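Analysis of the macromolecular model
Each chain, written out:
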Amino acid sequence: MTQDEMKKAVARAAITYVVEGELVGVGTGSTANCFIDELALIRHRVRGTVASSEASKRRLEGHGLPVLELNDVERLPIYVDGADEINAAMQMIKGGGGALTREKIVAAVADMFVCIADQSKRVDVLGRFPLPVEVIPMALRHVLRQLAAIGGTPVLREGFVTDNGNLIVDVAGLEIVDAVGLETRINQIVGVVTNGLFASRPADVCLLGTAAGVQTLTAA
């Protein structure tokens, strides 16, 4: 299978986790877009959706799927999203599309987090993909210095503003052995909104697209 075919395969597989008559949290990015397209085929079976970005909201509404605000939701049985990297512990780097903060919020609310990804995203050690960090604009220079001090190479994502009106700094050169510890440390930097490590709240299951088909992975 090609990478696009893998993305479509895992998106179809994720539909089996959708709870009949309930809400579905939906992520952001190319693989999440495949899931939105599949979800549209069963839109009569779900009560509505919660989107993790304005882009996903527009795509969902374009398919005729109702989109609710998270503050109006009491319970979210499932959240489905992609990953830029995922390890054996189901910890991830996310935020390549810049929606990491809203993705992290929706994931925190969901009872179950289903990660959908192609086999290129599976890694032994996180950090080959630069770690995105959402930063309040007035704190940019301070945050850049602090991120450099922990051993990474931080670079401002030029010409990009998040849905929250903030900036993204991508940190290259990290070999992340203690993902929970690093997630916490970066989040404690004044001016950081959050970072793209999903380690404190990892995925519950990963549907991984491979040449041989979809594999279902859980934490090792």
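Quick caveat: nothing in here was measured; it's all calculated off a predicted structure.

Thresholds, definitions, all that
- Residues numbered from 1 in each chain as written.
- Predicted model: local features only at pLDDT ≥ 70, side-chain atom pairs only at ≥ 80, totals over all residues.
- Heavy atoms only, no water.
- Buried < 20%, exposed > 50% of the residue type's maximum accessible area, 1.4 Å probe, protein only.
- Helix = DSSP H or I, 4+ residues; strand = E, 2+ residues; numbered from the N terminus.
- Pairing = 2+ DSSP bridges.
- Salt bridge = Lys/Arg side-chain N within 4 Å of Asp/Glu carboxyl O.
- Polar contact = N/O pair within 3.5 Å; in protein donor to acceptor, adjacent residues only side chain to side chain.
- Contact = heavy atoms within 4.5 Å.

**A word on the pairing of strand β3 (residues 76-81)**
Looking along a regular strand, one sees the side chains alternate between the two faces of the sheet. Of all the 6 residues making up β3, 6 are buried; the element is thus mostly covered by neighbouring parts of the structure. In the sheet, strand β1 (residues 23-26) pairs with β3 via 3 bridges, with the strands oriented parallel. When the bridges of β3 are listed, V24 appears paired with I78. Sheet analysis places β3 next to strand β6 (residues 110-118), joined by 5 bridges and oriented parallel. In the sheet register, Y79 faces β6, and the bridge partner there is F113.

**As for the pattern of salt bridges**
One pass over the full model with this rule turns up 11 salt bridges. Across the salt bridge formed by E22 and R75, the nearest N and O atoms sit 3.9 Å from each other. Of the two residues, E22 sits in the loop between α1 (3-14) and β1 while R75 sits in the loop between α3 (54-62) and β3, which places them 53 residues apart along the sequence. Each of E22, R75 and D111 takes part in one network of salt bridges that share partners.

**Notes on the environment of E5**
Here E5 lies in helix α1. The class for E5 is partly exposed, based on a relative accessible area of 41%. Only 2.8 Å separates the side chain of E5 from the backbone nitrogen of T2, close enough to count as a polar contact.

**Overview of the environment of E175**
Looking at the secondary structure, you find E175 in the loop between β9 (167-172) and α6 (179-187). Distance in space between the C-alpha atoms of E175 and A14 is 30 Å, their sequence separation being 161 residues. The contact partners of E175, leaving out residues within four places of it in the chain, are V125 and L126.

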